[in-house]
Amino acid sequence: MSPTASPPPTVADVVAELERRYPPAWAQEWDRVGLVLGEPSAPVRRIACVVDVVPETVAEALAAGADLIVAHHPLLLRGVSSVAATTYKGRIVHQLIRNDVALYVAHTNADTANPGVSDALAARFGLTGLRPLHPAEPGSAAAGDGRGIGRIGELPTPLTLAELTRRAAAVLPATAWGVRAAGDPGRTVRTLAVSGGSGDSFLAEATAAGVDAFLTADLRHHPAGEHLAAGGPALLDAAHWATERPWLDDLAAHLRAALGVETTVSDLDTDPWTVHASAPAADDKERDREG
């Protein structure tokens, strides 16, 4: 007599596991995390892990037969008065409901977690001795145990800024944006701070930490220029999606191990910038500086 197979976990079971690992109380006050839609009692046999909930990643999840999408970025971050199918977000909501696909979001709570989004990013560079760049506030729900936004660590081998920029372009998911750096190309980098997603609000903390370089996304002209003029660490600016995509592998592996479900990870590049061109003279100038 063959043993009876265990029933698959339900949406509620998956939510419980996600909220054990990434408690909603760790999210920023402005954030919108948790179960967005889905029947709690519905069975879940396959989970799709994505950074962004967009028509292309939804189509990918449906083609894979997913019962649940776990996304990093909220679909409904800002208030809406309608989810009519005539609206962009409404069409996504209707499509998911019609196909019995649940949607769950883990955003700044996953950024804060240890391990979380920036740990996966740090692992791409082999950083050791990790500590948070922006520790969780004392007395907050997330305080302690190394939790907080971003990570600081030591590179396995010191690199020049130019070498580190090339390394970043090689180890991060490829995008048209690529990786750009600000600072002396010959500067030696031993300690590196990383923060998945938009990170220019942490420039002062990277300076205070005494790191040699800070890698993040969405850096702006004036804050970056003023940071460097004040003697801050070198900067590396990658595509937002590329700095958060590594976490999906950790998320998928955890859900497989904890719940025995199948998982898929989206490699669909959802960075909005699709074309990049460097001026030939700029490329020649950089080669001359590097010798």
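Residues numbered from 1 in each chain as written. Predicted model: local features only at pLDDT ≥ 70, side-chain atom pairs only at ≥ 80, totals over all residues. Heavy atoms only, no water.

### Details of the packing of aromatic side chains
For any pair of aromatic rings, the description consists of the separation of the ring centres together with the inter-plane angle of the planes. All told, the structure shown has 2 aromatic pairs when counted by the stated rule. When the centroid spacing of 6.4 Å and the interplanar angle of 40 degrees are considered together, the rings of Trp177 and Trp273 count as tilted. Within this pair, whereas Trp177 is found in the loop between helix 6 (161–171) and strand 7 (179–182), its partner Trp273 is found in the loop between strand 11 (262–265) and helix 10 (280–290), the two being separated by 96 residues in sequence. (Phe/Tyr/Trp six-rings, centres within 6.5 Å; stacked < 30°, edge-to-face > 60°. Helix = DSSP H or I, 4+ residues; strand = E, 2+ residues; numbered from the N terminus.)

### Considering the side chain of Asn109
Examined against the element boundaries, Asn109 turns out to sit in helix 4 (residues 108–112). Excluding residues that lie within four positions of it along the chain, Asn109 makes contacts with Tyr22, Pro23, Pro24, Trp26, Ala27 and Val33. (Contact = heavy atoms within 4.5 Å.)

### Some points on the sheet that holds strand 4 (residues 102–105)
With mixed pairing, 5 strands are arranged side by side in an open sheet as 1-4-3-2-11. The open sheet is flanked by strand 1 (34–37) and strand 11, the only strands paired with a single partner. Strand-to-strand twist of the sheet, defined as the mean angle between neighbouring strand axes without regard to direction, takes the value 25 degrees. Relative to strand 11, strand 2 (residues 46–50) runs parallel, the two being bridged by 4 bridges. When the bridges of strand 11 are listed, Arg46 appears paired with Glu262. Sheet strands in contact with helix 1 (residues 11–21) are strand 1, strand 2, strand 3 (68–71) and strand 4, and its direction is about 10 degrees off that of strand 4. (Pairing = 2+ DSSP bridges. Axes fitted to C-alpha atoms, helices over the stretch in contact; angles between N-to-C directions.)

### As for the sheet that holds strand 7
Ordered by their spatial adjacency, 6 strands build an open sheet running 5-6-8-9-10-7, and the pairing between neighbours is mixed. Single-partner strands in this sheet number two, and they are strand 5 (128–135) and strand 7. Each strand of the sheet is rotated relative to its neighbour by a mean of 25 degrees, with strand direction disregarded. Along the sheet, helix 9 (residues 240–259) makes contact with strand 8 (188–198), strand 9 (213–217) and strand 10 (234–238), crossing strand 8 at roughly 90 degrees.

### Observations concerning the pattern of salt bridges
Scanning the entire structure with this criterion turns up 9 salt bridges. Where Asp145 meets Arg147, a salt bridge forms, and the shortest distance between an N and an O atom there is 3.6 Å. In this structure Arg147 comes out as buried when scored by relative accessible area, which is 13%. Asp249 serves as the salt-bridge partner of Arg245, at 3.1 Å between the closest nitrogen and oxygen. Here the residue Arg245 and the residue Asp249 both occupy positions in helix 9, the gap between them amounting to 4 residues, near one helical turn. Among the charged side chains, a salt-bridge network with shared partners connects Arg124, Arg245, Asp249 and Asp267. (Salt bridge = Lys/Arg side-chain N within 4 Å of Asp/Glu carboxyl O. Buried < 20%, exposed > 50% of the residue type's maximum accessible area, 1.4 Å probe, protein only.)

### Some thoughts on the nonpolar core
With 30 residues, the main nonpolar core has Leu18, Tyr22, Ile47, Leu68, Val70, Trp247 and Leu251 as its most contacted residues. When contributions to this core are tallied by element, the ones reaching two or more residues are helix 1, strand 2, strand 3, strand 4, helix 5 (117–124) and helix 9. Residues contacting Tyr22, with those up to four places away along its chain left out, are Ala106, Asn109, Ala110, Ala113, Pro115, Trp247 and Leu251. In this structure, Leu127, Leu159, Leu192 and Val194 belong to the second largest nonpolar core, which totals 19 residues. (Core = buried A, V, L, I, M, F, W, Y, C linked by side-chain atoms within 4.5 Å.)

It is worth stressing that arrangement in space is one thing and function is another; only the former is reported here.
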